[in-house]
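Residue strings, one per chain:
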Amino acid sequence: MNHAPLAAAFVADAPRAKWHDETLWFVRAKRDKAAQSVPEWEELRECAAQIKAHTVSRLADYLEQFEREATRRGAVVHWARNAAEHNEIVLKLLSDRGVKRLVKSKSMLTEECHLNPFLERHGIEVVDTDLGERIVQLAGESPSHIVLPAIHKKKEDVGQIFHEHLGTTAGATDPNYLTEAARQHLREKFVQAEAGLTGVNFAIAETGGFVVCTNEGNADLGVSLPTLHIASMGIEKLVPRAQDLGVFLRLLARSATGQPITTYSSHFHGPRPGGELHIVLVDNGRSDILASDEFRRSLNCIRCGACMNTCPVYRRSGGHSYQTSVPGPIGSILAPSRNPKMFYSLPQACSLCGSCSDVCPVKIDLHHQLLTWRRELAHQGLLSRSKRLGMQAMSFVFRRPALYRLAGRVARWLTPLLPRFMIYNGLNAWGKQRELPDFPAKSFGEQYAERRRHESQRNS
Amino acid sequence: MPTVGLFIPCYVDQLFPQVGLATVDLLEQAGYGVEYPADQTCCGQPMANTGCTEQARPLAERFLAIFSGYDYVVAPSGSCVAMVRCHYDEYLAGQPGFEELKKKTFELCEFLVDVADTSRVDHRFPYRVGLHQSCHGLRELRLASSSELVAPAFGKAQRLLQMVDGLELVTLARPDECCGFGGTFAVAEEAVSCMMGNDRIHDHLTAGAEVLTANDMSCLMHMAGLIRRQGKPLRVMHIAEILAGHSK
């Protein structure tokens, strides 16, 4: 489905759209302040981009090294070619051990794989333990942002959801009260859980360990009580050495929320005593992106969400308008590579302002890749007929200067004569909220020629 | 006297001739010969940005043929210059004269500051002015520092506007947010585009601007369309008109 009508529906609720825009702009401004506090910010970005480019250039080697080292530390490494394989692996791990209750700490990869509905179909209760994720889970929705999953919900909405599901007082909106209710509810889930699943922010080839960053400590709680820890990671999450973490951890939280560092950056190296650690390495289209010269750099992404917070379109259209687990600029690059037919409109949902590229902590040239996607989608015949024909007609005219001048003259003469309803109607999206400019009697070319004629007459 | 080939974007030629005339005046005042090659039409950006690269290619080739003979090529539009300098490689890489063309093609303010070394503007413009940073000029041509990067602040358009007697630049809450024009985006994503434009206008009005200006007429056309429909008290002028002392 096309992005534009969903975006228009979001914009139609003007106060909410304004609030959404301002809330995310507040985060973007916090990010600016945090970035400005690091004088070597641009060097850090360059360094991060180079580490990622290097890692991706020999990803297979590093993945094998990671598997060796992780195995040596007692973890079990699984490989999943796609979402279905990932889900099957997780299900088998759970059902072999008779697990019926799983707590999850925010993992966008499991969203990408649609793990929750899959496990629920197999009779397993899945509880997202990140507060924002839990809110959208209770609301029966998907996250609308990768770092701030419930950013589209106001506290009134949360109060209503908690009232329905957790039995809080109707109409309650006090964040402290609601957070406390969520805390009590989640504590129960943590205690009952028989397994914990986390995402992975960074995996280290050299050590076979990985790092999970959260602000709520829910990942740590979720994997500390049960004996089974499953970690799902996209194969691009790798960095070569432990010392590289210094670069990425400094960039991640500042870019995401403006914090110097996340509250918890938990390192996992092997299973805890008496426990099991399983790491599922997921490809799900990443190798295809890796093989593409044009889009390979999008694998640099560390999922900080800064491009979403800065994107003027995302801020006003909301994450759900993108209909993909990773929305916004980076999502609009990743999604078409998985399914160009379904996500053809996402690279067009962009004014090409370039703010995403400048804000990106790993220097992905996001707006250029979006432009490249437009070319690729047009090439695949996925451009709308009206746009394609319109561009062909424009090009035809622009290649013929005399025709261009004639068309301009006719349009400038004719348009002012037309009655208003012929210009401002349902066919003219420009005129719905905007006036056309006044059409001048003479073009610049005509006025310039007259000016030069006068000058030469004066001089002769 | 070095000669500037005047590159007037198609929509400026047809709809905003006064911007082209102001550009001619500015370049002549700066001591350059100006020629307007009459057979120019469009640089091909609308087609290229829609993904129709094969429709854009012949226009890029025409552009090279028309403009390669001049000492400089100057346009009152960051966006169209960015098309030539940052996106023509796809069509013209390796063609004779292309590398020189990229080096000698300038946005107007950039040319006035970097090449003509303008140090004074003789006109008075006693108004509070809001400068809208057009995205392509900002983040492709780097005509000013962008708020995302950690780097010293600068701005070529600001520098020129500060030379104008009586002109007061207002401070915006979001100094370089996109106005939402974006070419076909303005039509395809009409709702978001207009909300972006309205937010931009609101920022200027809140900052106390009486005049809204920019390096790109396309951004201004979009915002002027919203301003006129709503009858907001904000005049819209291209920066060339202010610098040339036109329409006080």
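Up top you'll find the structure we're talking about.
Just so we're clear, the structure is a prediction, and the values are computed from it rather than from any experiment.

### Notes on the overall build of chain A
Part 1 of the reasoning: Scanning chain A for helices and strands turns up 22 helices and 10 strands.
Part 2 of the reasoning: With respect to the three principal axes, the spread of C-alpha positions in chain A is 100 × 55 × 45 Å.
Part 3 of the reasoning: Split into buried and exposed, the 460 residues of chain A put 56% on the buried side.
Part 4 of the reasoning: At a minimum sequence separation of 6, the contacts of chain A that also span at least 24 residues come to 73%.

### A look at the overall build of chain B
Part 1 of the reasoning: Along chain B, the regular secondary structure elements total 14 helices and eight strands.
Part 2 of the reasoning: Taking the principal axes of its C-alpha atoms as reference, chain B extends roughly 50 × 45 × 40 Å.
Part 3 of the reasoning: Counting every position in chain B, which comprises 248 residues, the buried fraction comes to 66%.
Part 4 of the reasoning: In chain B, the share of contacts with a sequence separation of at least 24, taken over all contacts with a separation of at least 6, comes to 76%.
Part 5 of the reasoning: Approximately 8,200 Å² of chain B is accessible, and the part contributed by carbon and sulfur atoms is 52%.
Part 6 of the reasoning: Between the centroid of the 20 positive side chains of chain B and the centroid of its 30 negative side chains there is a distance of 5 Å.

### Here we look at the environment of B:L141
Part 1 of the reasoning: Structurally, B:L141 is set in the loop between α9 (135-139) and α10 (156-161).
Part 2 of the reasoning: B:L141 sits 13 residues away from B:F154 along the chain, and the two C-alpha atoms are 13 Å apart.

### Remarks on the pattern of salt bridges
Residues and elements named next belong to chain A.
Part 1 of the reasoning: The full count for this structure, using the stated rule, is 58 salt bridges over all chains.
Part 2 of the reasoning: Here E46 ties to K363 by a salt bridge, and the two come within 2.7 Å at their closest N and O atoms. With E46 in helix α3 (residues 41-57) and K363 in the loop between α17 (355-359) and α18 (366-379), this pair connects stretches of sequence that are 317 residues apart.
Part 3 of the reasoning: The class of K363 is partly exposed, set by a relative accessible area of 35%.

### A word on the pairing of strand β8 (residues 235-238) of chain B
Residue and element names in this part refer to chain B.
Part 1 of the reasoning: Sheet analysis places strand β7 (residues 211-214) next to β8, joined by four bridges and oriented parallel. The residue bridging T213 from the neighbouring strand is M237, located in β8.
Part 2 of the reasoning: In this fold, the crossover linking β7 to β8 by way of helix α13 (residues 217-230) has right-handed handedness.

### Concerning the packing of α3(A) against helix α12 (residues 245-257) of chain A
Residues and elements named next belong to chain A.
Part 1 of the reasoning: α12 packs onto α3 with a crossing angle of 115° between their chain directions and a minimal axis gap of 10 Å. Every pair of crossing elements has a handedness; the one defined by α3 and α12 is left-handed. For the pair α3 and α12, the contacting residues are W41, L44, R45, C47, A48, I51 and K52 in the first and V247, F248, R250, L251, R254 and S255 in the second.

### Observations concerning the interface of chain A and chain B
Part 1 of the reasoning: Taken together, the contacts link 78 residues of chain A with 71 residues of chain B.
Part 2 of the reasoning: Buried area between chain A and chain B, summed over both chains or domains, comes out near 6,500 Å², and the portion from carbon and sulfur atoms is 58%.
Part 3 of the reasoning: Contact with chain B buries surface across chain A, with A:Q433, A:R434 and A:F444 losing the most and accounting together for 12% of the total.
Part 4 of the reasoning: Counting the contacts that link chain A with chain B gives 15 salt bridges.

### Some remarks on helix α8 (residues 131-138) of chain A
Residue and element names in this part refer to chain A.
Part 1 of the reasoning: For α8, a buried count of seven out of eight residues is recorded, marking the element as mostly surrounded by other parts of the structure.
Part 2 of the reasoning: Close packing links the buried residues of α8 with α6 (108-112), α7 (115-121), β3 (125-128), α9 (155-166) and α10 (175-192).
Part 3 of the reasoning: Its side-chain oxygen 3.1 Å from the backbone nitrogen of G132, D130 forms the N-cap of α8.
Part 4 of the reasoning: Once α8 ends, the next one or two residues include G140, with phi positive near 75°.

### Observations regarding the nonpolar core
Residues and elements named next belong to chain A.
Part 1 of the reasoning: Counting residues in each nonpolar core, the largest one holds 69 residues, and the members touching the most others are F202, F248, I330 and L366.
Part 2 of the reasoning: Sorting elements by how many residues they give to this core places α12 first, with seven residues.
Part 3 of the reasoning: Those residues in contact with L366 that sit more than four places away from it in its chain are C307, P329, I330, I333, C356, S357 and C360.

### Some thoughts on helix α20 (residues 401-414) of chain A
Part 1 of the reasoning: Between its first and last C-alpha atoms α20(A) spans 20 Å; for 14 residues at 1.5 Å apiece the expected length is 20 Å, and the two agree.
Part 2 of the reasoning: Every buried residue of α20(A) is accounted for by A:P401, A:Y404, A:G408 and A:R412. Across the axial projection of α20(A), the buried residues extend over an arc of 60°, all falling on one side. Looking at α20(A), the residues exposed on the side facing more than 90 degrees away from the buried face are A:A402 and A:W413.
Part 3 of the reasoning: Looking at the packing, one finds that the buried side of α20(A) touches α19 (385-398) and α22 (444-459) of chain A together with α1 (10-15) and α4 (53-67) of chain B.

### Some remarks on the packing of aromatic side chains
The geometry of an aromatic ring pair is captured by two quantities: the separation of the ring centres and the angle between the planes.
Part 1 of the reasoning: Tallied over the full model, the rule gives 22 aromatic pairs over all chains.
Part 2 of the reasoning: These aromatic residues form a ring-pair network of at least three members: B:F7, B:F63, B:F67, B:Y70, B:Y88 and B:Y91.
Part 3 of the reasoning: The ring centre of A:Y62 lies 4.9 Å from the NZ or CZ of A:R58, which sits over that ring.
Part 4 of the reasoning: Between A:R420 and the ring centre of A:Y424, over which it is positioned, the NZ or CZ distance is 4.1 Å.

### As for the sheet that holds strand β9 (residues 264-268) of chain A
Part 1 of the reasoning: Pairing is mixed across the open sheet formed by four strands, whose spatial order is β8-β5-β6-β9 (chain A). Two strands bound the open sheet, and with one partner strand each, they are β8 (238-239) and β9 of chain A.

### Points about the pairing of strand β7 (residues 228-234) of chain A
All names here are of chain A.
Part 1 of the reasoning: The buried fraction of β7 amounts to seven of the seven residues, a majority that puts the element mostly inside the structure.
Part 2 of the reasoning: Side chains L228, I230, S232 and G234 project from β7 onto one buried face, and the interleaved H229, A231 and M233 project onto a second face that is buried too.
Part 3 of the reasoning: One ladder, built from four bridges, connects strand β4 (residues 195-198) with β7; its direction is parallel. Pairing of G196 across the sheet is with H229, part of β7.
Part 4 of the reasoning: Relative to strand β10 (residues 276-282), β7 is paired through seven bridges, and the arrangement is parallel. Pairing of L228 across the sheet is with E276, part of β10.

### Side note on the environment of B:V121
Part 1 of the reasoning: For B:V121, the location among the structural elements is in the loop between α8 (108-115) and β5 (128-132).
Part 2 of the reasoning: Non-local contacts of B:V121, meaning those with residues more than four positions away in its chain, are made with B:L160, B:M163, B:V164 and B:L243.

About the criteria used
Residues numbered from 1 in each chain as written. Chains lettered and ligands numbered in written order. Predicted model: local features only at pLDDT ≥ 70, side-chain atom pairs only at ≥ 80, totals over all residues. Heavy atoms only, no water. Helix = DSSP H or I, 4+ residues; strand = E, 2+ residues; numbered from the N terminus. Buried < 20%, exposed > 50% of the residue type's maximum accessible area, 1.4 Å probe, protein only. Contact = heavy atoms within 4.5 Å. Areas by Shrake-Rupley, 256 points an atom, 1.4 Å probe, with all protein chains shown as cover. Lys, Arg positive; Asp, Glu negative; His and termini not counted. Charge placed at Lys NZ, Arg CZ, Asp CG, Glu CD. Salt bridge = Lys/Arg side-chain N within 4 Å of Asp/Glu carboxyl O. Pairing = 2+ DSSP bridges. Right-handed = clockwise from strand over helix to strand, strands pointing away. Axes fitted to C-alpha atoms, helices over the stretch in contact; angles between N-to-C directions. Left-handed = near helix turned anticlockwise from the far one by under 90°. Buried area = accessible area lost by both parts, 1.4 Å probe. Polar contact = N/O pair within 3.5 Å; in protein donor to acceptor, adjacent residues only side chain to side chain. Core = buried A, V, L, I, M, F, W, Y, C linked by side-chain atoms within 4.5 Å. Expected span 1.5 Å × (residues − 1). Arc of directions from axis to C-beta. Phe/Tyr/Trp six-rings, centres within 6.5 Å; stacked < 30°, edge-to-face > 60°. Lys NZ or Arg CZ within 6 Å of the ring centre and 35° of its normal.

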